[in-house]
Amino acid sequence: MEIARVTMIPPVFTLPAPAKLNLFLHITGRRDDGYHNLQTLFQLLNIGDELDFYTTANPEAKVYENGLSLSCSNPALESKDNLVFRAAQHLQNQIQKNGSNTQSISAHIHLKKKLPFGGGIGGGSSDAATTLLGLNHLWDAKQSEGELANIGQQLGADIPVFIRGKTAFAEGIGEKLTPVTLEEKWYVVIAPNCHVSTPQIFSHKDLTRDTPVIKVAASLERDTKNDCETLVKTLYPDVNEALKWLSKFGQSRMTGTGSCVFLPCVSEEKAVEVLSMKPSKFNGFIAKGVNQSPLHEQLLSHYATGV
Ligand SMILES: C[C@](O)(CO)[C@H](O)COP(=O)(O)OP(=O)(O)OC[C@H]1O[C@@H](n2ccc(N)nc2=O)[C@H](O)[C@@H]1O
Ligand SMILES: Nc1ncnc2c1ncn2[C@@H]1O[C@H](COP(=O)(O)OP(=O)(O)OP(=O)(O)O)[C@@H](O)[C@H]1O
């Protein structure tokens, strides 16, 4: 009964969870806790997953606990490990700890998964950020962006940039953010048919970890690289092949720890043209780089209209 009731009711709102590219990724050292200090340029994209928010949890859902439930268009991701569910639990705990708003603290979230996962384009991290911002809005929890970014950081190094919602230069483990305004280019993104494990790459003995620290301004001007690329190409031949193919059209690079690779293009037409030549063995898409997250654009209009 409950399933029917929840699925028939329209969501209170639907929010995007945009993807990102790491335009470069320098690893500058390793911390005592095993995490790495890095410098990276996060480019937000205009496409991503989508999350539907409902005020009532669904106890019949495969993923349900303590007034929170999750469903997903990809059943493989319907688990309590999903970053959406974990982010919701963290926010719920935080609010209960603060002792505020103890009444309306239930929710069901439906995740419409569109991005490839294990692709270095931030899918899970962005879903978690959208969950935190969306539930903060749904529950009127009044947590600041800084508080939400702190909760997010406990779940993943890539989450704070999606909470802040601005294309940014990042340092630390990825949480120290300096927003930058970039030319909004189009990108061809190729997703090889493999998932790369981020912990595997960061713990590998052959990873380059000694790139000199640079200044934010220099990062926009000088030669940069992705320190994970050589290693990932060796371990994952599909990534090597995808990069080789895309590099025929211009300077191409891997994002994050892979597996996706990307090519900046001067126009949407050029990006469409390159994508149309893609061998069928790869998946791929085109996206526009944006300086402000589509999530934040939408939240601003929600607040403005009170919807
Ligand atoms: C490679 C990037 O995608 C670049 O944006 C991120 O640094 C990875 O961010 P993420 O997927 O949110 O990473 P987390 O879920 O926090 O960590 C996954 C694993 O990557 C390693 N990790 C991650 C980030 C970082 N700065 N140093 C690390 O060593 C850690 O071993 C950790 O166990
Ligand atoms: N909401 C989610 N979407 C995708 N994967 C998730 C999600 N929640 C948990 N995961 C798990 O996280 C793993 C990594 O997926 P994700 O898409 O976040 O990686 P990624 O693109 O490499 O991310 P990043 O660029 O942040 O390193 C998946 O294999 C999956 O098991």
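Residues numbered from 1 in each chain as written. Chains lettered and ligands numbered in written order. Predicted model: local features only at pLDDT ≥ 70, side-chain atom pairs only at ≥ 80, totals over all residues. Heavy atoms only, no water.

Per an unreviewed UniProt entry, the protein carries the name 4-diphosphocytidyl-2-C-methyl-D-erythritol kinase and comes from Marinibactrum halimedae. Database annotation for the protein, UniProt heading Pathway (unreviewed entry): "Isoprenoid biosynthesis; isopentenyl diphosphate biosynthesis via DXP pathway; isopentenyl diphosphate from 1-deoxy-D-xylulose 5-phosphate: step 3/6." The annotation that UniProt attaches to the protein under Catalytic activity (unreviewed entry) is "4-CDP-2-C-methyl-D-erythritol + ATP = 4-CDP-2-C-methyl-D-erythritol 2-phosphate + ADP + H(+)". (UniProt positions renumbered as here; feature names shortened; annotations may be inferred.)

A. Molecular detail of the layout of surface pockets. Taken as a whole, the largest pocket holds about 1,100 Å³ of empty space. If you go around the largest pocket, you meet 41 residues; those closest to its centre are Leu83, Ser125, Asp158, Thr198 and Pro199. Among the elements of the structure, strand E1 (13–30), strand E2 (36–54), helix H2 (83–98), helix H3 (123–138) and helix H6 (198–202) are those that each provide at least two residues to the lining of the largest pocket. When its residues are assigned to classes, the lining of the largest pocket shows 16 nonpolar, 19 polar and six charged. (1 Å grid on protein atoms, 1.4 Å probe; cavity = no way out; pocket = protein on both sides within 12 Å on 5 of 7 lines; lining within 4 Å. Points joined across faces, edges and corners; volume = space filled by probe spheres on them. Helix = DSSP H or I, 4+ residues; strand = E, 2+ residues; numbered from the N terminus. Nonpolar A, V, L, I, M, F, W, Y, C, P; charged D, E, K, R; others polar.)

B. Inspection of the domain arrangement of the protein at higher detail. Entries for the protein in the domain assignment read domain 1 (2–179) and domain 2 (186–290). For domain 1 and domain 2, the distance between their C-alpha centres works out to 24 Å. On the domain 2 side, the residues contacting the 29 residues of domain 1 number 39 residues. Overall, the association of domain 1 and domain 2 removes approximately 2,700 Å² of surface from exposure, summing both partners, and the carbon and sulfur fraction of that is 63%. Among the residues of domain 1 in contact with domain 2, Leu25, His26 and Ile27 are the three that bury the most area, contributing 21% of the side total. Where domain 1 touches domain 2, the interface holds zero salt bridges. Run the count over domain 1 and domain 2 and you get 22 residue pairs in polar contact (both at pLDDT 80 or more). At the level of secondary structure, the elements contributing two or more residues to the side of domain 1 that touches domain 2 comprise E1, E2 and strand E6 (168–171). Take the side of domain 1 that touches domain 2: its biggest share by element is eleven residues, from E1. Taken together, the residues that form the side of domain 1 that touches domain 2 break down as 14 nonpolar, twelve polar and three charged. (Domains from an automatic or database assignment. Contact = heavy atoms within 4.5 Å. Buried area = accessible area lost by both parts, 1.4 Å probe. Salt bridge = Lys/Arg side-chain N within 4 Å of Asp/Glu carboxyl O. Polar contact = N/O pair within 3.5 Å; in protein donor to acceptor, adjacent residues only side chain to side chain.)

C. Seen up close, the pairing of strand E8 (residues 186–191). Along E8, six of the six residues are buried, which leaves the element largely enclosed by surrounding structure. Burial along E8 is two-sided: Trp186, Val188 and Ile190 and Tyr187, Val189 and Ala191, pointing in opposite directions, are all buried. Bridge count for E8 against strand E10 (residues 261–265) is five bridges, and the pairing is antiparallel. Residue pairing across strands places Tyr187 opposite Pro264, the latter belonging to E10. With six bridges connecting them, E8 and strand E11 (residues 283–290) associate as antiparallel partners. Bridge pairing in E11 places Ala191 opposite Asn283. (Buried < 20%, exposed > 50% of the residue type's maximum accessible area, 1.4 Å probe, protein only. Pairing = 2+ DSSP bridges.)

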